[in-house]
Amino acid sequence: MRGHDLINTVLPDELILEIFSHLEGSKSNCDSCSLVCQRWLKLERISRRTVRMGASGNPDALIRLLVDRFVNVRNVYIDERLPISMPPQSRRPTIKGRRGGKKTASSSLKLRHVAENSGSEECDLEPYTLSDAGLTALGQIIRLEKLSLIWCSHVTSVGLTSLAEKCRSLKSLDLQGCYVGDQGLAAVGQCCKQLEDLNLRFCEGLTDTGLVELAVGCGKSLKALGIATCARITDTSLEAVGSYCTSLQTLSLDSEFIKNQGVLSIAQGCPSLKVLKLQCINVTDEALLAVGTHCLSLELLALYSFQRFTDRSLFAIGHGCKKLKNLTLSDCYFLSDQSLQAIGSGCSGLTHLEVNGCHNIGTTGLESIGKSCPGLSELALLYCQRIGNDALLEIGRGCKLLQALHLVDCSNIGDDAICHIAQGCKNLKKLHIRRCYEIGDQGIIAVGENCQYLTDLSLRFCDRVGDDALTAIGQGCPLLEHLNVSGCHQIGDAGLIAIARGCPQLVHLDVSVLQNLGDLALAEIGEGCPLLKDVVLSHCRQITDVGLAHLVKKCSLLENCHMVYCPFVTSAGVATVVSSCVNIKKLLVEKWKVSQRTRRRAGSVLSYLCVDL
């Protein structure tokens, strides 16, 4: 009945909390529930498990508020790479009360900022960084399980030690870019015996001492470890990890100072290893031979910029790691077709393969994957000049489950290859092609005729792709959600009109640098694609305010719009986008095209590529 609160009068707190638990952590849904009434606000705070924050006016004070209000929070993510909101000095922001009243933002946390014309050479950013005091306050959440501190450069061992002593249930710790020292890491090892996941990327203050003590302290529980650009962490640390962390399943290592002995120790001491990512220029065949011999549960292997190992390494992986599903080979110049042949013959369960800049791998190697790995679902070939059409012919024949194909700068792959893929892999959902100049209308038409489940198509700077290709996509791929045809100069209104009429699910559209695109296509997109959220129109020199108005009139869900270097779009067109799109979050445009009224109305969503022209 109208006027009666049946929910609050009938449902107990426990049942409402149970309902909140099914919101799946969606911040927008949680925030909406908290605004219903005071009771729901209190209950939602009790049920909140995850909090995320970026740089702010006073992170330490925000942490104290967080601890007071969200008493059952388990996961805290702090990323100081995220931008802060700079309030203009000329006016004080206001916060509307529930009954329409106003109070100045000074009653909340104040955001300090540096004046634009301060003349100071050094900006004092200290107020925007989390300190040891904030980390100590965070320690009051004694049941904290996951903590991520991304580039919190003012946090030291003092704060980390204080937190570790209190939060003994910590399971995941991300210290990327934090200048913590050995004492803090040792304290984590001594106190957090349940720690499973540790990320030490760009922690330049650490040495072997800290990591060795951590391995000794919580080695039995540690399952995932990431290290990158830590100049003072050497093989000594990995030897300790191999000795004490026998349950380790994931290792990501990027270092110029790690040699064979460290990787050998991990391979011999961590038989449960499933994920191994290596970018270590001083590691040779000897280390990967040990991985192939001892890590029989390996499922993912990624090798980046290796110059000192050969096909012998991949022979060992193919012979021993029968469970391998995901393989990435990037800039490994001494690998040849024989490496992929060894993987194909030994790892028939392979589902994901990326070959990037391995100049000695050609058609023969990829053919062996097509013949031996029927479960392949994603294939990425980047800068592979020696791989030709016959390779994808074999993939089309043997890999019927392929759902994603990425091609970048593959000069010997043309329409015949794409036709083979389209005809053989009818479940294809994602096709990304960039600067493959031998691929034109014929191949993309075959995709439109055969791949009805396609949802993501990107054809960037493919000069031979024109309107006929997009017409086939519009007629044959009704589920298409993402389309990028940036730099495809032969595409004009006809192709986009076919997309508009045949792909009503379109959410993202990038038509930048299309010189033949006009207002008619924009009007059709507006009529046919009401779900559109992101559109990139930059460098489209024929569109005008008229076409833009037709587009935004019907695309009420639009959130992001890029339209720089569109000479016939004026300040009136910019104002039209702002006034018509109530959900707009980012509008990228030249600063001189924005009127004072538009700037006052939507300053928070405006981004400028060029300040002055």
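Residues numbered from 1 in each chain as written. Predicted model: local features only at pLDDT ≥ 70, side-chain atom pairs only at ≥ 80, totals over all residues. Heavy atoms only, no water.

Per an unreviewed UniProt entry, the chain goes by the name Leucine-rich repeat and belongs to Macleaya cordata.

Draft legend 1. Representation of the overall build of the chain. The number of helices and strands found in the chain is 24 helices and 23 strands. Within the span of the chain, comprising 613 residues, buried residues form 52% of the whole. Across the chain, every contact between residues at least 6 apart in sequence was considered, and the portion connecting residues at least 24 apart equals 76%. Just so you have it, the chain exposes about 27900 Å², and 50% of that area is on carbon and sulfur atoms. (Helix = DSSP H or I, 4+ residues; strand = E, 2+ residues; numbered from the N terminus. Buried < 20%, exposed > 50% of the residue type's maximum accessible area, 1.4 Å probe, protein only. Contact = heavy atoms within 4.5 Å. Areas by Shrake-Rupley, 256 points an atom, 1.4 Å probe, with all protein chains shown as cover.)

Draft legend 2. Fine view of the nonpolar core. By size, the foremost hydrophobic cluster in this structure holds 175 residues, and its most contacted members are Leu-381 and Met-563. For this core, the element with the highest residue contribution is helix α17 (residues 415-424), accounting for five residues. When we break this core down by domain, the ones giving at least three residues each are domain 2 (50-82 + 129-194) and domain 3 (440-612). Those residues in contact with Met-563, other than ones at most four positions away along the chain, are Leu-537, Ser-538, Leu-548, Val-569, Val-574, Val-577, Leu-587, Leu-588, Val-589 and Glu-590. Among the nonpolar cores identified, the runner-up in size contains eight residues, and Ile-16, Cys-33, Cys-37 and Leu-43 belong to it. (Core = buried A, V, L, I, M, F, W, Y, C linked by side-chain atoms within 4.5 Å. Domains from an automatic or database assignment.)

Draft legend 3. Quick peek at helix α14 (residues 337-346). Counted residue by residue, α14 has seven buried out of ten residues, so it is predominantly covered. Within the sequence span of α14, burial applies to Asp-337, Ser-339, Leu-340, Ala-342, Ile-343, Gly-344 and Gly-346. Tucked inside the fold, the buried residues of α14 contact α13 (311-320), β12 (326-330), β13 (352-356) and α15 (363-372).

Draft legend 4. Spotlight on the side chain of Arg-74. Residue position: Arg-74 is located in the loop between α5 (59-69) and β2 (75-79). This buried residue, Arg-74, is left without a salt bridge; Glu-145 holds the nearest opposite charge, at 4.4 Å. Engagement of the side chain of Arg-74 in a polar contact is seen with the backbone oxygen of Asn-72, the distance being 2.7 Å. Once you skip the residues sitting within four places of it in the chain, Arg-74 turns out to touch Arg-49, Arg-143, Leu-144, Glu-145 and Lys-146. (Lys, Arg positive; Asp, Glu negative; His and termini not counted. Salt bridge = Lys/Arg side-chain N within 4 Å of Asp/Glu carboxyl O. Polar contact = N/O pair within 3.5 Å; in protein donor to acceptor, adjacent residues only side chain to side chain.)

Draft legend 5. Broad picture of the side chain of Thr-328. Locating Thr-328 in the fold gives a position in strand β12. Judged by its relative accessible area of 9%, Thr-328 falls in the buried class. When near neighbours in sequence (up to four residues on either side) are disregarded, Thr-328 contacts Leu-301, Ala-302, Leu-303, Tyr-304 and Glu-354.

Draft legend 6. Region of interest: helix α10 (residues 235-244). For α10, the set of buried residues is Asp-235, Ser-237, Leu-238, Ala-240, Val-241 and Gly-242. Next to the buried residues of α10 lie α9 (208-218), β8 (224-228), β9 (250-254) and α11 (260-269).

Draft legend 7. Layout of the pairing of strand β22 (residues 586-589). Strand direction decides the pairing type here: strand β21 (residues 560-562) and β22, joined by three bridges, are parallel. The residue bridging His-562 from the neighbouring strand is Leu-588, located in β22. With helix α23 (residues 571-580) bridging β21 and the parallel β22, this β-α-β connection has right-handed handedness. In the sheet, β22 pairs with strand β23 (residues 606-608) via three bridges, with the strands oriented parallel. Bridging from a neighbouring strand, Leu-587 pairs with Leu-606 of β23. After leaving β22, the chain enters helix α24 (residues 596-602) and then returns to the sheet as β23, a path that is right-handed. (Pairing = 2+ DSSP bridges. Right-handed = clockwise from strand over helix to strand, strands pointing away.)

Draft legend 8. Geometry of the packing of helix α7 (residues 157-166) against helix α8 (residues 182-191). Running from N to C, α7 and α8 point in directions that differ by 5°, and their axes come no closer than 7 Å. By the criterion of interaxial angle, the relationship of α7 to α8 is roughly parallel. Here Ser-157, Leu-160, Thr-161, Ala-164 and Glu-165 of α7 come into contact with α8, specifically with Asp-182, Gln-183, Gly-184, Leu-185, Ala-187, Val-188 and Cys-191. Considering only residue class, the contact of α7 with α8 consists of six nonpolar, four polar and two charged. (Axes fitted to C-alpha atoms, helices over the stretch in contact; angles between N-to-C directions. Parallel < 35°, antiparallel > 145°, perpendicular 65-115°, else oblique. Nonpolar A, V, L, I, M, F, W, Y, C, P; charged D, E, K, R; others polar.)

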